[in-house]
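The chain contents come next:
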Amino acid sequence: MKQQGDLLVGSLMVRESRHIATLLLNDASAEVWAEEILTKNILQKKSLGTAARVTRGLKRRLSALDKVLLRALTEADDSLAKQIALTSVLNVNPMLLGFFETVLAEAYLGQQENLHLYQWDDYLRAYEQRDPSVAEWSETSTKKVRQIVIRILSECGYLSDTKSRRLQKLVVYPELRQMLEKLNMFEVLNGLTLRRGMR
């Protein structure tokens, strides 16, 4: 259920991710984490439980990134920060990365105008062969994950919005490309650039 959990944390959450990245870069102690997240509520969540859950999810996403990317996330403008946040999701979620590399890339390659919801649903059913735990997801969780995936695509600019879901060409920032190449994160870079569909 790990892949579901990654996505159920939420979409890109750039503002929150910047805070978490800063704490990671500073090698904050457990006491500092508690003070910042629970006492100061820097993530601005309505309950301590939500703040703790979001923190756990974002820490898992961001802890897997090199400090070069974490630092860039804290310093970049919002557009670049969104792509770095997406990098953190794709880096720990092979299910979503596979969707980018196959279905989304093929939609661009075929010059499809809109992304259809059934394309995600079909992909998810097929993915059950690789990860049988996907078949155990509740209907509510399955719908929530799809909603978050579509929101992520919209936030980054692959889709025009979450309703019409018109496909748009997205240009990955050169500085992000360079960082990923230097870090040998070619699989994630191929996912971001939809290598099969946007050459």
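Read on for an overview of the structure. (Residues numbered from 1 in each chain as written. Predicted model: local features only at pLDDT ≥ 70, side-chain atom pairs only at ≥ 80, totals over all residues. Heavy atoms only, no water.)

Bringing the overall build of the protein chain into the picture now. Secondary structure summary: the protein chain contains 11 helices and 0 strands in total. Taking 199 residues into account, the globule formula puts the C-alpha radius of gyration at 16 Å, and the protein chain, at 17 Å, falls close to it. The dimensions of the protein chain, computed from C-alpha atoms along their principal axes, are 50 × 40 × 30 Å. Taken across its 199 residues, the protein chain has 50% of its residues classed as buried. Long-range contacts, defined here as pairs at least 24 residues apart, represent 71% of the contacts in the protein chain between residues at least 6 apart. For the protein chain, the accessible area works out to roughly 10100 Å², and carbon and sulfur atoms hold 48% of it. The positive charge centre, built from 29 side chains, and the negative charge centre, built from 24, are 2 Å apart in the protein chain. (Helix = DSSP H or I, 4+ residues; strand = E, 2+ residues; numbered from the N terminus. Rg over C-alpha atoms; globule rule 2.2 N^0.38 Å. Buried < 20%, exposed > 50% of the residue type's maximum accessible area, 1.4 Å probe, protein only. Contact = heavy atoms within 4.5 Å. Areas by Shrake-Rupley, 256 points an atom, 1.4 Å probe, with all protein chains shown as cover. Lys, Arg positive; Asp, Glu negative; His and termini not counted. Charge placed at Lys NZ, Arg CZ, Asp CG, Glu CD.)

In this structure, L104, L153 and Y158 are the most contacted members of the largest nonpolar core, which totals 69 residues. With 10 residues, the top contributor of residues to this core is helix α7 (residues 94-109). If sequence neighbours within four positions are ignored, L153 has contacts with F99, F100, L104, L115, Y158 and L159. (Core = buried A, V, L, I, M, F, W, Y, C linked by side-chain atoms within 4.5 Å.)

Let's shift gears to the environment of R151. You can see R151 is positioned in helix α9 (residues 139-156). You can call R151 partly exposed: its relative accessible area is 28%.

Moving on, we get to the side chain of S17. Checked against the element boundaries, S17 lands in helix α2 (residues 14-25). Taking the relative accessible area as the measure of exposure, S17 reaches 1% and is therefore buried. Setting aside its immediate chain neighbours within four residues, S17 contacts L12, L58, L62 and L73.

With that settled, the discussion passes to the environment of L170. With respect to the secondary-structure elements, L170 resides in the loop between α9 and α10 (174-182). Take L170: its relative accessible area is 10%, and that puts it in the buried class.

The next thing to look at is the pattern of salt bridges. Should the charged atoms of two oppositely charged side chains come close, the side chains can pair. Under the definition given, this model contains 9 salt bridges. Taking the shortest distance from any N to any O, the salt bridge between D78 and R18 comes out at 2.9 Å. Of this pair, D78 sits in helix α6 (residues 78-92) while R18 sits in helix α2, and the two are 60 residues apart along the sequence. Classification of R18 by relative accessible area gives buried; the value is 17%. The partner of K40 in a salt bridge is E36, with the nearest N and O atoms 3.1 Å apart. The class for E36 is buried, based on a relative accessible area of 17%. (Salt bridge = Lys/Arg side-chain N within 4 Å of Asp/Glu carboxyl O.)

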